[in-house]
Amino acid sequence: MNAESAEPARRRLSRAEAKARTRSLLLDAAARVFARKGFTGASVEEIAEAAGFSIGALYSNFGSKEALFLELLADRHTDRIAEAAQALERHPSGTGEAAAELSRLLIAVADKDTDFAPLQAEFWLYAVRNPEVLDTMAANQRAPRHALEQVISTSLTRHDAPADVSAEAVATVVAALFGGLVRQRRIDPASVPEELFGDALRWLFTGIRTGAAAPSDTDDSDDSDDTN
């Protein structure tokens, strides 16, 4: 028996596994090429070549350069939301510890993932100038946004939020807060210290609880109405 025949046969990938592998390699290559060239400067030819595939393979998996970028963006958002959810699960009753972990997540994104924030800003400008891309962008963000809403919904329950506080609305505020602080940290690091995001989340949820406890305003009659 020769050595070649003694080696175990490599398992052939199923069609679904091969497709998933191709998509993963294209996304990895796209991240590298986009980081180096920017969204506008990167070409589908460069991305396909960097991944080791034809342009046809890129188009058959993603349809367009815009769709490829949006898939990459959605994957990044999903990963960050998963990290946030894990932090909250590790500290179900310790809001201080959870806030500290979420703050560290923001600082890591701002300080280490330095290529992606400019890409997001570039693509946002591109989408604003191409309204049809905005619709696709909104559709691609629904899955990660839904995941964020689930995380927020759990936090609202733990903070005894009133039933009329929408997890969707709070998720929108939290996402905007995260993105805004990442950009501000890149501009002026000292203005966004490590603890700021966690502090801001505590302020937000404290405000929600306080608002629930505060008496509602009523239109009482003026005292002058009783004097006559």
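Please read all numbers here as calculations on a predicted model, not as lab measurements. (Residues numbered from 1 in each chain as written. Predicted model: local features only at pLDDT ≥ 70, side-chain atom pairs only at ≥ 80, totals over all residues. Heavy atoms only, no water.)

Considering the packing of helix α3 (residues 44–51) against helix α4 (residues 55–62)
(1) Moving on: In contact at an axis separation of 8 Å, α3 and α4 are set at 100° when each is read in the N-to-C sense. When the interaxial angle is binned, α3 and α4 end up roughly perpendicular. In contact with Val44, Glu45, Ile47 and Ala48 of α3, α4 contributes Ile55, Leu58 and Tyr59.
(2) Moving on: Residue classes in the contact of α3 with α4 are distributed as 6 nonpolar, no polar and 1 charged. (Axes fitted to C-alpha atoms, helices over the stretch in contact; angles between N-to-C directions. Helix = DSSP H or I, 4+ residues; strand = E, 2+ residues; numbered from the N terminus. Parallel < 35°, antiparallel > 145°, perpendicular 65-115°, else oblique. Contact = heavy atoms within 4.5 Å. Nonpolar A, V, L, I, M, F, W, Y, C, P; charged D, E, K, R; others polar.)

What to know about the confidence of the model for the protein chain
(1) Moving on: For the protein chain, the mean per-residue pLDDT works out to 84, and 86% of the residues sit at or above 70.
(2) Moving on: Summarising per-element confidence for the protein chain, the mean pLDDT is lowest in helix α1 (residues 3–6) (48) and highest in α3 (96).
(3) Moving on: A low-confidence stretch, residues 3–8 stays under pLDDT 50, and its non-local contacts, those more than four residues away or across chains, total 1 contact. (pLDDT = per-residue confidence, 0-100.)

Overview of a nonpolar patch on the surface
(1) Moving on: A contiguous nonpolar patch, built from Trp124, Leu125, Val128 and Leu134 and spanning about 360 Å² of accessible area, is present on the exposed surface.
(2) Moving on: Looking at the nonpolar patch element by element, the count peaks at 3 residues for helix α7 (residues 116–129).
(3) Moving on: Following the sequence through the fold, Val128 ends up in helix α7. (Patch = residues over 30% accessible without salt bridge, like charges linked within 9 Å, V, L, I, M, F, W, Y side chains within 5 Å. Areas by Shrake-Rupley, 256 points an atom, 1.4 Å probe, with all protein chains shown as cover. Salt bridge = Lys/Arg side-chain N within 4 Å of Asp/Glu carboxyl O.)

Brief notes about the packing of helix α8 (residues 131–140) against helix α9 (residues 142–158)
For any two helices packed against each other, one specifies the inter-axial angle together with the distance between the axes.
(1) Moving on: Contact geometry of α8 with α9 gives a least axis separation of 5 Å together with a crossing angle of 40°. One element, α8, and the other, α9, form an angle in the oblique class. Across from Ala138, Ala139 and Asn140 in α8, the residues of α9 making contact are Arg142, Ala143 and Pro144.
(2) Moving on: Class assignment for the residues of the contact of α8 with α9 results in 4 nonpolar, 1 polar and 1 charged.

What about the environment of Asp79?
(1) Moving on: Tracing the backbone shows Asp79 in helix α5 (residues 65–90).
(2) Moving on: For Asp79, a relative accessible area of 47% puts it in the partly exposed group.
(3) Moving on: When the C-alpha atoms of Asp79 and Pro144 are compared, they prove to be 8.8 Å apart, with 65 residues separating the residues in sequence. (Buried < 20%, exposed > 50% of the residue type's maximum accessible area, 1.4 Å probe, protein only.)

Comments concerning the pattern of salt bridges
(1) Moving on: This structure, assessed with the given rule, holds 7 salt bridges.
(2) Moving on: Of the charged contacts, one joins Arg80 and Asp113 as a salt bridge, the two residues approaching to 3.1 Å between their closest N and O atoms. Remark: Asp113 occurs in the loop between α6 (95–112) and α7 and Arg80 occurs in helix α5; sequence separation between them is 33 residues.
(3) Moving on: Through salt bridges with shared partners, a single ionic network connects Arg76, Arg80 and Asp113.

Comments concerning the nonpolar core
(1) Moving on: Among the nonpolar cores identified, the biggest contains 29 residues, and Leu106, Ile152 and Phe197 are the most heavily contacted of them.
(2) Moving on: Only α5, α6, α9, α10 (167–187) and α11 (196–213) provide two or more residues apiece to this core.
(3) Moving on: Dropping the residues within four chain positions of it, Leu106 is found in contact with Phe178, Leu181, Val182, Val192 and Phe197.
(4) Moving on: Counting residues in hydrophobic clusters, the runner-up holds 26 residues, among them Val44, Ile47, Ala51 and Phe123. (Core = buried A, V, L, I, M, F, W, Y, C linked by side-chain atoms within 4.5 Å.)

Observations regarding the environment of Ala100
(1) Moving on: Counting through the fold element by element, Ala100 comes out in helix α6.
(2) Moving on: With 99 residues separating them in the primary sequence, Ala100 and Asp199 have C-alpha atoms 8.6 Å apart.

Brief notes about the environment of Ala175
(1) Moving on: For Ala175, the position within the fold is in helix α10.
(2) Moving on: Placed 98 residues apart in sequence, Ala175 and His77 show a C-alpha to C-alpha distance of 9.7 Å.
(3) Moving on: Residues in contact with Ala175, not counting those within four places in the same chain, are Arg145 and Leu148.

Digging into the layout of surface pockets
(1) Moving on: Considering only enclosed or pocket space, the largest pocket measures out at about 1,300 Å³ in volume.
(2) Moving on: Around the largest pocket, the lining comprises 46 residues; the ones closest to its centre are Leu148, Val174, Ala175, Ala176 and Phe178.
(3) Moving on: When residues of the lining of the largest pocket are traced back to their parent elements, those giving at least two are α5, α6, α7, α8, α9, α10 and α11.
(4) Moving on: Counting residues per element, the lining of the largest pocket draws most heavily on α10, at 8 residues.
(5) Moving on: Along the lines of polarity and charge, the residues of the lining of the largest pocket split into 30 nonpolar, 10 polar and 6 charged. (1 Å grid on protein atoms, 1.4 Å probe; cavity = no way out; pocket = protein on both sides within 12 Å on 5 of 7 lines; lining within 4 Å. Points joined across faces, edges and corners; volume = space filled by probe spheres on them.)

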